[in-house]
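# Understanding the architecture of this molecule
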Amino acid sequence: MPERNTCAIFVLAALFFGPSDTCRASVPLLRYRVHVGAELAEVELVLPSGARRLVPGDDGAGLGIHAVTPSQGRAVPDDGGFLLSGVGRGATVRYRVSLERAAATSFGGRLDDGVILPADALLLRPARLAEDGAEVTITSAAGVFVSAPWLRSGDHFVLDHDALVEGGWIAVGGRPPVLRTTGKTRLEIAVVGAGARAERLVRWVEEAARAVATVSGGAFPTARAQVVVAALPGQKRPVFGECQRAGGPSVLLLVGRDTDDATLAEDWMAPHELFHVGVPRIYPRTPWLAEGLATYFAAVARARAGKIDRPRLWHMLMAGAKDADGDGSLGEASATLGRHHDYDRVYWGGASVALLIDLALRRAGVHGGLPARLTALRRATHDAMDVVTAERVLAALDGGTGVLGPIVARYVAGRVSPRVALDALWPALGVLDDGERARLDDRAPLAPLRRAIDGQQP
Ligand SMILES: [Zn+2]
């Protein structure tokens, strides 16, 4: 194997994860040793229970995995995986992963100074998993730095079952990931492809994290998160973002390398994705809820953090409510989002429902409104790492007040647009349509609720 750069990674990671994240399973774990070079990862996998067939992770799809060599028996390529014969308990399998090919899947890709690949692209695993997780040790060649989303424990990463099947992203590049501790949160920010813009993009992520803290009880919602930024040549705006939670909170942000400072300052995408980190994964997927909360709170967070002024926030919420109109119910549009792609309606319809819920909770006397209930939800779901149903999320947000049921029944399951309810509330909130911005009237009867939401008063 080439020269190693173990120390740097372990020191960086120890700073990031700290010693308290230890979480060991009592059953044997798959053990991976991964050595990452600029072009190739060499992997050694120990199989405590043996295996008859190895398959790639769902996201990585196995592209780029080659030279699969067991310490005993043999391996034959078979329908995207590898059929093993004579590979018993405790056997070792070595293989190589072409980073460029692995990065060709999903949203990964090769950029000027590195690659971004789905985290499971490096992990062949038994088709029938006898183990409940894995330990992964990563080393790298000199000058090559690796950022992984997984939970750190001592000198290696600990992966639960979910992380073997899906998860966030691995960044491999010539620039070490930046570690930032804000409050109790350790943020690892890996920027690839940005050249001289890297520092500015790190700041962009930090500013988004600070904005999210304004709607999360004053602190970033989780103890740790990894953010991978891919700077794309020839683009001048934030392009796409995605958040993954399996194996650890991991956010991927694709942004044009030539995005100017003003556009970054105005951006909603980074706070939207970073907000997702603090809400548990909802299965079955319920976009009106997950995306509605993120859309609503990304807007509120930007106003609270001073990125947009308050008249603009309220204009945005007012204009967004108009996007909630449409055929059938919001719930139906949400359930068919994958087929009909009615994103504006589902995202802003959900955001409008979130606003209605926030107002109703505050009117019912819930101090801190919806952000306070989200904090309670996070506590009840292990730092938002649990997978939960929409019903459980709604019950937690309701907190026994009984205000959510009628709102969801009418504006999500029913065919009434939440815009109708908000149109009736804007005058009382002191939000008046004034073209590109809203005009705000602090003498309106519900103006204190509005000011509590946008952060002007507690
Ligand atoms: Zn989203």
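The model shown is predicted, which means the values in this text are computed figures rather than measured ones. (Residues numbered from 1 in each chain as written. Predicted model: local features only at pLDDT ≥ 70, side-chain atom pairs only at ≥ 80, totals over all residues.)

In terms of regular secondary structure, the protein chain is built from 16 helices and 24 strands. Relative to a compact globule of 458 residues, whose C-alpha radius of gyration would be 23 Å, the protein chain shows 24 Å and is just as compact. Across its three principal directions, the C-alpha atoms of the protein chain cover 75 × 45 × 40 Å. Expressed as a percentage of the 458 residues in the protein chain, the buried residues total 50%. Counting only contacts in the protein chain whose residues sit at least 6 apart along the sequence, the fraction spanning at least 24 positions is 71%. (Helix = DSSP H or I, 4+ residues; strand = E, 2+ residues; numbered from the N terminus. Rg over C-alpha atoms; globule rule 2.2 N^0.38 Å. Buried ≥ 20, exposed ≤ 12 C-beta atoms within 10 Å, placed from the backbone. Contact = placed C-beta atoms within 7 Å.)

What follows deals with the pairing of strand 5 (residues 74-78). Of the pairings in the sheet, the one linking strand 5 to strand 6 (residues 81-85) comprises five bridges and is antiparallel in character. Bridging across to strand 6, Val76 finds its partner in Leu83. Taking the residues between adjacent antiparallel strands as the criterion, strand 5 and strand 6 are bridged by two residues, where Asp79 takes a positive phi near 50°. (Pairing = 2+ DSSP bridges.)

Alternating positions in strand 2 (residues 40-47) separate cleanly, Ala41, Val43, Leu45 and Leu47 being buried on one face and Leu40, Glu42, Glu44 and Val46 remaining unburied on the opposite face. Two strands pair when backbone bridges link them, and strand 1 (residues 30-36) and strand 2 are joined in this way by six bridges, in the antiparallel orientation. Looking at the pairing, Arg31 lines up with Val46 of strand 2. Between strand 1 and strand 2, which pair antiparallel in sequence order, lie three residues.

What follows is about the sheet that holds strand 12 (residues 145-147). Here we have four strands laid out as an open sheet, ordered 8-9-15-12, and antiparallel in their pairing. In the strand order of this sheet, the two ends are held by strand 8 (109-111) and strand 12, each with one partner. Across the sheet, the mean angle from the axis of one strand to that of its neighbour is 15°, orientation sign disregarded. Note: strand 8 against strand 9 (residues 114-118), three bridges, orientation antiparallel. Bridging across to strand 9, Leu111 finds its partner in Gly114. (Axes fitted to C-alpha atoms, helices over the stretch in contact; angles between N-to-C directions.)

Here the focus is the domain arrangement of the protein chain. Parsing the protein chain into structural domains produces domain 1 (6-173), domain 2 (178-273) and domain 3 (281-453). Here the C-alpha centroids of domain 1 and domain 3 sit 40 Å apart. (Domains from an automatic or database assignment.)

Taking 1.5 Å as the rise per residue, helix 4 (residues 198-213) with 16 residues should run 22 Å; its terminal C-alpha atoms sit 23 Å apart, in good agreement. For helix 4, the full list of buried residues reads Ala198, Leu201, Val202, Trp204, Val205, Ala208, Ala209, Ala211, Val212 and Ala213. (Expected span 1.5 Å × (residues − 1).)

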